[in-house]
There are 2 protein chains.
Amino acid sequence: MTQHDTVGILLTNLGTPAAPTPAAVRKYLAQFLSDRRVADSLPRPIWWLILHGIILRVRPAKSARIYRRIWTSEGSPLLVISQRQVSALQSVLDERCSVPVRVELGMRYQEPSLGEALQRLHADGVRKLLVVPLYPQYSAATTASTFDEIASRMKGLRWLPALRFINGYHDDEGYISALCESIRPVWAKRGPPDRLLFSFHGLPLRHIDSGDPYHGECETTVRLVCERLSLGDEQWALSFQSRVGREEWLRPNTDELLWQWGKEGVKRVDVVCPGFSADCVETLEEIAIRGRDTFLSAGGGALHYIPGLNDRPEHIRALADLAFSHAGDWLNG
Amino acid sequence: MTQHDTVGILLTNLGTPAAPTPAAVRKYLAQFLSDRRVADSLPRPIWWLILHGIILRVRPAKSARIYRRIWTSEGSPLLVISQRQVSALQSVLDERCSVPVRVELGMRYQEPSLGEALQRLHADGVRKLLVVPLYPQYSAATTASTFDEIASRMKGLRWLPALRFINGYHDDEGYISALCESIRPVWAKRGPPDRLLFSFHGLPLRHIDSGDPYHGECETTVRLVCERLSLGDEQWALSFQSRVGREEWLRPNTDELLWQWGKEGVKRVDVVCPGFSADCVETLEEIAIRGRDTFLSAGGGALHYIPGLNDRPEHIRALADLAFSHAGDWLNG
């Protein structure tokens, strides 16, 4: 067996600032908000002026304070968890595969970049590459942006790998089952909540109207989980978080819904965020800290955030199964 | 079953001028020779001046005369054959697959373009796409250029398909076997030749030195065919055709070798071109007409060009098997 039989698996996620400081956050936001797949509503020169003239002067300091609330001694939660996912998946695949496999991490923004990850895999002779963006629900702003960046970095390679690119797994059996298994133990211990809220990252309605399947895929994920958990219609809701800008976004808005439920005197809400494969500022700060504050301030009883799938064994098993379902012929040699 | 279960298979090849006229050839060459993966030895502005100042003034008329020699009443051989490949593969897959499959043709240069082919597949709801560049041996100038163009056209799509991109099949069982089956009937009828020449498109040595696997893949293809046909070392040779420019290219050069064999008084040469999946100007004019002239003028006895795999049933079966080996999970539903 030659080195060229090594199969590369590239796990990708969004990325994180390198440090919870205004300078590091500015670098991260500058890259993130320059992505045409993310910020596409204004002509580029106008957007450039707003981005560099206003946003990147004001937001980094505020965002850095937010990141500081969730930062760990090991670093950014998203990065730390992603690295654990990589090594856990590597172990599972090492055991299950008959060929050498190399799992790498690449972030769309900041480090480790997709370009570096590709270079590392390429230098190690990987000529069969499976790209797994860790976005279960497809959106152009995340999934397509990842593809664009990978394709652009591939322009620098003379010998392209055979490429397989996964564009989502919102209804994948293993993923749905991992979600259920992340919820059940919490309920076994504490009993079921009055309401289970599924909170996904929002998107401008304009994206959905122009054909992005994200909304429908979020709904399907939720339906499949609710069926599996035998939840009645009054026991759950679906909402969208992280809205920015003045456009209309997907509704209902997570914080508005939590405020309303608090006002209604709901006793206990559990929140799960199935769109985030790893906990990050959007789940740890926006939901578990701020969302909880909102709910309690409005008069709600208790809010529990159900941790992300992260490196839970069921999640890693689901990712390994996903790799096999897309590249079983490669992985079995 | 929804429309979204339709699997798209995009067969790609190089392309052809739309007509054997200087104007059509100029359009084709302008696009072909502007490709950075093809013409990469000079800085872009200098190349642009040479291309537009000299090459595109001189070559189209000469090339048009060459194309006229092989043009058919149906049009350009490459295009006509490619369209037959598409419909033959469509029929085979319709029979073998349990899901709807849509085979499309896209040419890297000129029409039908890769962009149009992608748009058609996308508009028909194809969300699983297998791209099969009909280049059995990988080179950046062909295979990677195809990937670059597809990726660039995908920037215009909001909902990207799950993508599988094949980067070659030089040692594929079905392909090797189809090559042998294209040679055997000729020999059964006329007896074996004194020499079998495998002629591949050449490449600048600089490409190979910088890591392009093309040369080695051509050699492997030839070795596998020779083993299968039980050919002794003196019965065959490998050469490279279509050299342009002043750089060192892969050697030996096809026309030099044919001239030398003619001088040596070789009685019969058969030429096969395994790198061309469909007959085109490089095989029909450069080998079957000009190569033959060269060999006969130098004193050789007879030269037979063994037709390309084209839409031979063995070739279509090999392509169907290739599709199944890369996307069996999609095609079996």
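Residues numbered from 1 in each chain as written. Chains lettered and ligands numbered in written order. Predicted model: local features only at pLDDT ≥ 70, side-chain atom pairs only at ≥ 80, totals over all residues. Heavy atoms only, no water.

What about a positive patch on the surface?
Working step 1: Together, A:Arg36, A:Lys155, B:Arg36 and B:Lys155 make up a region of like positive charge exposed at the surface.
Working step 2: Summarising the element assignment, A:Arg36 is placed in the loop between α1 (22-32) and α2 (44-70). (Patch = residues over 30% accessible without salt bridge, like charges linked within 9 Å, V, L, I, M, F, W, Y side chains within 5 Å. Areas by Shrake-Rupley, 256 points an atom, 1.4 Å probe, with all protein chains shown as cover. Salt bridge = Lys/Arg side-chain N within 4 Å of Asp/Glu carboxyl O. Lys, Arg positive; Asp, Glu negative; His and termini not counted. Charge placed at Lys NZ, Arg CZ, Asp CG, Glu CD. Helix = DSSP H or I, 4+ residues; strand = E, 2+ residues; numbered from the N terminus.)

Observations regarding the sheet that holds strand β3 (residues 128-133) of chain B
Working step 1: One open sheet accounts for eight strands, arranged β2(A)-β1(A)-β3(A)-β4(A)-β4(B)-β3(B)-β1(B)-β2(B); its pairing is mixed. Bordering the open sheet on either side are β2 (101-107) of chain A together with β2 (101-107) of chain B, each of which pairs with just one other strand. Neighbour-to-neighbour, the strand axes of this sheet turn through a mean angle of 20°, independent of strand direction.
Working step 2: With seven bridges joining them, strand β1 (residues 7-13) of chain A and β2(A) adopt parallel strand pairing. Bridging from a neighbouring strand, A:Ile9 pairs with A:Val103 of β2(A).
Working step 3: Strand contacts of helix α3 (residues 77-96) of chain A: β1 and β2 of chain A, with the helix running at about 165° to β2(A), the strand carrying the most contacts. (Pairing = 2+ DSSP bridges. Axes fitted to C-alpha atoms, helices over the stretch in contact; angles between N-to-C directions. Contact = heavy atoms within 4.5 Å.)

Overview of the interface of chain B and chain A
Working step 1: Taken together, the contacts link 31 residues of chain B with 31 residues of chain A.
Working step 2: The contact between chain B and chain A buries some 2,600 Å² in all, and 51% of this surface belongs to carbon and sulfur atoms.
Working step 3: At the junction of chain B with chain A, the criterion picks out two salt bridges.
Working step 4: B:Arg158 is the salt-bridge partner of A:Asp40, the closest N and O atoms lying 3.4 Å from each other.
Working step 5: Summed over the shared surface of chain B and chain A, the number is 20 residue pairs in polar contact (both at pLDDT 80 or more). (Buried area = accessible area lost by both parts, 1.4 Å probe. Polar contact = N/O pair within 3.5 Å; in protein donor to acceptor, adjacent residues only side chain to side chain.)

Focus on the sheet that holds strand β5 (residues 195-201) of chain A
Residues and elements named next belong to chain A.
Working step 1: Taken together, the four strands give an open sheet; going across it, the order is β6-β5-β7-β8, and neighbouring strands pair in parallel fashion. The two strands at the open ends of the sheet, each matched to only one other strand, are β6 (236-241) and β8 (302-305). The average undirected angle you get between the axes of adjacent strands in this sheet is 25°.
Working step 2: Taken together, the four bridges between β5 and strand β7 (residues 268-272) define a ladder with parallel strand orientation. Pairing of Phe198 across the sheet is with Val272, part of β7.
Working step 3: Each of β5, β7 and β8 is contacted by helix α6 (residues 173-190), which is oriented at about 160° to β7, the strand it contacts most.
Working step 4: Seen against the sheet, helix α11 (residues 286-297) touches β5, β6, β7 and β8 and runs at an angle of roughly 170° to β8.

A few points about the pattern of salt bridges
Working step 1: This model, assessed by the stated rule, comprises 46 salt bridges over all chains.
Working step 2: One network of salt bridges, in which partners are shared, links A:Asp35, A:Arg108, A:Glu149 and A:Arg153.

Details of the domain arrangement of chain A
Residue and element names in this part refer to chain A.
Working step 1: Taken domain by domain, chain A consists of domain 1 (3-12 + 77-165 + 313-331), domain 2 (22-70) and domain 3 (173-305).
Working step 2: Relative to domain 2, the C-alpha centre of domain 1 lies at a distance of 27 Å.
Working step 3: Facing the nine residues of domain 1 at the interface are eight residues of domain 2.
Working step 4: For the pair domain 1 and domain 2, the two sides together bury roughly 830 Å², of which 53% comes from carbon and sulfur.
Working step 5: It is Pro77, Tyr109 and Gln110 that lose the most area in domain 1 upon contact with domain 2, and together they represent 61% of the buried surface on that side.
Working step 6: Linking domain 1 with domain 2 are two salt bridges, by the criterion used here.
Working step 7: Between Asp148 and Arg37 there is a salt bridge whose closest N-O contact spans 2.7 Å.
Working step 8: Between domain 1 and domain 2 we count six residue pairs in polar contact (both at pLDDT 80 or more) in total. (Domains from an automatic or database assignment.)

Things to note about the relation of the copies chain B and chain A
Working step 1: Superposing chain B onto chain A requires a rotation of 180° together with a translation of 0.0 Å along the rotation axis, leaving an RMSD of 0.0 Å. The operation mapping one copy onto its partner corresponds to a two-fold rotation axis. Closest approach to the rotation axis among the C-alpha atoms of chain B is made by B:Arg164, whose C-alpha sits 2.2 Å away.
Working step 2: Comparing interface residues between copies, 100% of those in chain B also sit at the interface in chain A, which points to an isologous, same-surface contact. (Least-squares fit on C-alpha atoms with pLDDT ≥ 70 in both.)

Here's the deal with the environment of B:Tyr135
Residue and element names in this part refer to chain B.
Working step 1: Here Tyr135 is to be found in the loop between β3 and α5 (140-154).
Working step 2: A relative accessible area of 8% places Tyr135 in the buried class.
Working step 3: The sequence separation of Tyr135 and Ile166 amounts to 31 residues, and the corresponding C-alpha distance is 9.6 Å.
Working step 4: Dropping the residues within four chain positions of it, Tyr135 is found in contact with Asn13, Leu14, Thr142, Thr143, Thr146, Gly168, Tyr169 and Ser277. (Buried < 20%, exposed > 50% of the residue type's maximum accessible area, 1.4 Å probe, protein only.)

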